[in-house]
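This is what each chain is made of:
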Protein chains: 2
Amino acid sequence: AIAAEVMDGVAAPAAAPVAAAARPQLLAGKKVMITAGPTREAIDPVRYITNRSSGKMGYALAQAALDAGAEVTLISGPVNIAPPASAVVVAVESAQQLFAATHEHIDDIDIFIAAAAVSDYRPDKTSAHKIKKSQAEMHLDLVRAPDTLASVARLENAPFTVGFAAETDRVRDYARGKLQNKKLDMIVANKVGADCGFDYDDNTVDVYWRDGEKAYPKALKTELAHELIALIAERYNARYSA
Amino acid sequence: AIAAEVMDGVAAPAAAPVAAAARPQLLAGKKVMITAGPTREAIDPVRYITNRSSGKMGYALAQAALDAGAEVTLISGPVNIAPPASAVVVAVESAQQLFAATHEHIDDIDIFIAAAAVSDYRPDKTSAHKIKKSQAEMHLDLVRAPDTLASVARLENAPFTVGFAAETDRVRDYARGKLQNKKLDMIVANKVGADCGFDYDDNTVDVYWRDGEKAYPKALKTELAHELIALIAERYNARYSA
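The sections below set out a description of the structure shown in this document.

Cut-offs used in this document
- Position numbers for residues start from 1 in each chain and track the written sequence from start to end.
- As a convention, the first chain written is A and the first ligand written is 1, with the rest following in written order.
- Under the rules for a predicted model, residues below a pLDDT of 70 receive no local features and side-chain atom pairs below 80 are neither given nor counted, while totals for whole chains, interfaces and linings still include all residues.
- Think of the side-chain values as coming from all heavy atoms in the structure, minus any hydrogens and water.
- Only strands joined by at least two bridges in the DSSP assignment are considered to pair.
- Only DSSP runs of H or I reaching four residues or more are called helices, and only runs of E reaching two or more are called strands; each is numbered from the N terminus.
- With axes taken as lines fitted to C-alpha atoms, and helix axes fitted only over the stretch in contact, angles between N-to-C directions fall between 0 and 180 degrees.
- When the copies are overlaid, the least-squares fit takes in C-alpha atoms only where the residue has pLDDT of at least 70 in both copies.
- In what follows, residue pairs with any heavy atoms lying within 4.5 Å of each other are defined as contacts.
- Working definition: with a 1.4 Å probe on protein chains only, accessible area under 20% of the residue-type maximum means buried, over 50% means exposed, and in between means partly exposed.
- Throughout this description, the term salt bridge denotes a Lys or Arg side-chain nitrogen within 4 Å of a carboxyl oxygen of Asp or Glu.

### Overview of the sheet that holds strand β2 (residues 40-42) of chain A
What the four strands build is an open sheet, ordered β2(A)-β3(A)-β3(B)-β2(B); its pairing is antiparallel. Two strands lie at the open edges of the sheet, namely β2 of chain A together with β2 (40-42) of chain B, each paired on one side alone. Along the sheet, successive strands turn relative to each other by an average axial angle of 30°, direction set aside. Inspection of the sheet shows strand β3 (residues 47-51) of chain A paired to strand β3 (residues 47-51) of chain B by five bridges, in the antiparallel sense. From the neighbouring strand, A:N51 faces β3(B), where its bridge partner is B:R47.

### Details of the relation of the copies chain A and chain B
Between the two chain copies there is a screw-like relation: a rotation about an axis and a shift along it. Overlay of chain A on chain B (RMSD 0.0 Å): rotation 180°, translation along the axis 0.0 Å. When the rotation and shift are considered jointly, the pair of chain copies conforms to a two-fold rotation axis. Across chain A, the smallest distance between a C-alpha and the rotation axis is recorded for A:I49, namely 2.2 Å. An overlap of 100% is found between the interface residues of chain A and their copies at the interface of chain B, pointing to a shared contact surface.

### Structural notes on the pairing of strand β1 (residues 31-36) of chain A
Residue and element names in this part refer to chain A. Within β1, five of the six residues are buried, which leaves it mostly tucked inside the rest of the structure. Alignment of β1 against strand β4 (residues 71-76), held across six bridges, turns out to be parallel. Across the sheet, A36 pairs through a bridge with S76, a residue of β4. With four bridges connecting them, β1 and strand β6 (residues 111-114) associate as parallel partners. Among the inter-strand pairings, I34 is bridged to a residue of β6, identified as I113.

### Side note on the sheet that holds strand β6 (residues 111-114) of chain B
Within a beta sheet, neighbouring strands are joined by backbone hydrogen bonds and run either parallel or antiparallel to one another. Residue and element names in this part refer to chain B. Spatially, the eight strands line up as an open sheet ordered β5-β4-β1-β6-β9-β10-β12-β13, and their pairing is mixed. Each end of this open sheet is capped by a strand with a single partner; those strands are β5 (88-91) and β13 (212-215). Across this sheet, the average inter-strand angle for adjacent strands is 15°, counted without regard to direction. Pairing between strand β9 (residues 160-167) and strand β10 (residues 186-191): six bridges, direction parallel. Bridged to F164 within β10 is V188. The strands touched by helix α5 (residues 171-181) are β9, β10, β12 (205-209) and β13; relative to β10, the strand with the most contacts, the crossing angle is about 155°.

### Examining the pattern of salt bridges
All names here are of chain A. Scanning the model with the defined rule gives 22 salt bridges over all chains in all. For D185, the salt bridge goes to R239, with nearest N and O atoms at 2.8 Å. Taken as a pair, D185 in the loop between α5 (171-181) and β10 (186-191) and R239 in helix α6 (residues 221-241) lie far apart in primary sequence, 54 residues in all. With a relative accessible area of 34%, R239 lands in the partly exposed category. A salt bridge links D211 to R235, with the shortest nitrogen-to-oxygen separation between them at 3.9 Å.

Structure below.
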């Protein structure tokens, strides 16, 4: 069902590959894994908890990494975007499926970019039958879903690991905190609620790493993706040539 | 944001209007309102509860009603389908917004078809800030969202009112119960979990009304929509000529 849905209602391919050959092959020979889109945590066969995420940023990053010469594995939650040609796409639904698919394909990955909006919590129990609305109130007990990003960053031979932080306030503090707590190599922070981010084609981000940071003005996600891939390639090379 | 999303990732128009002129004008001069798609009930600016619904059935019904000569108002939750040309489309997100939009446009409506998968429950409180995942568990208190379908059927000059029931088991019992409890003129029941329904192009439905019922074999939603509109027109005429 997921694979069908990913393909369904398909728009034009995520990015025009026209100028691809002209782009510098900054990631030639590198294996890049990118997670994208939301996850869905089932309450019952009909209802679920999810996050606002169109998948556009992750898909644009996948295309940009391909344009930079990388081999790309895209672990995707349910979205309505055509997957970039020549990426290996693994369709997932829940945070647990995303965790499993990531670790199944993580060997030999050089760079891991976690752009998916993964649910932090999932219902403690999933009902096999549709819950009837017989009561005026309903209580949902949620437990933590697995943290794929942190688990990858903690691997013995962890790839260069890039996280995302979507925050509504104190963006810089939370992003720097997440960078440190999860032992990431880089974090891309975007402020939710301005005229960009979820469901928009534009995005405004700040990027942080241990000893540096860079702010990007509002730009198309497709344009921004190429800039982020260039920065990731630069920091990746800096780490492994140091 | 909703309007943008409805238009976003747009596939081909919901149904080809090629043979439209050839279709019998069963609803000429009638005003039809259709609700379609899921609703989203915000937990915080990032997380929300929703239902599995692609909006395909509702959009196909809107096209079929247009093809039958009706004026169509489409109240739509967030979907990724191009709205049918010449329908009035009102984009909504939550069950409360769907309730308000429906009642704002309900005057003079002859036939109301509630194909939307409206959330029955919404979070008691919506946090203005993203809830931090500081705890191992989280408890959500949900309260009942407004029941637009029942509220329309109870109006003094209620339109001919058609509901939908998506059930995982005891489909017939629940559908007949809903028909009676909500004082509907007709109910369309589909079994969730077979190879049709959510996110699929096919659907298998049974239709019930006070003194009759009709089963439809598995069919494309676009084909099924025309059959359902013909049945609705027949039952509508039976009610008002009786």
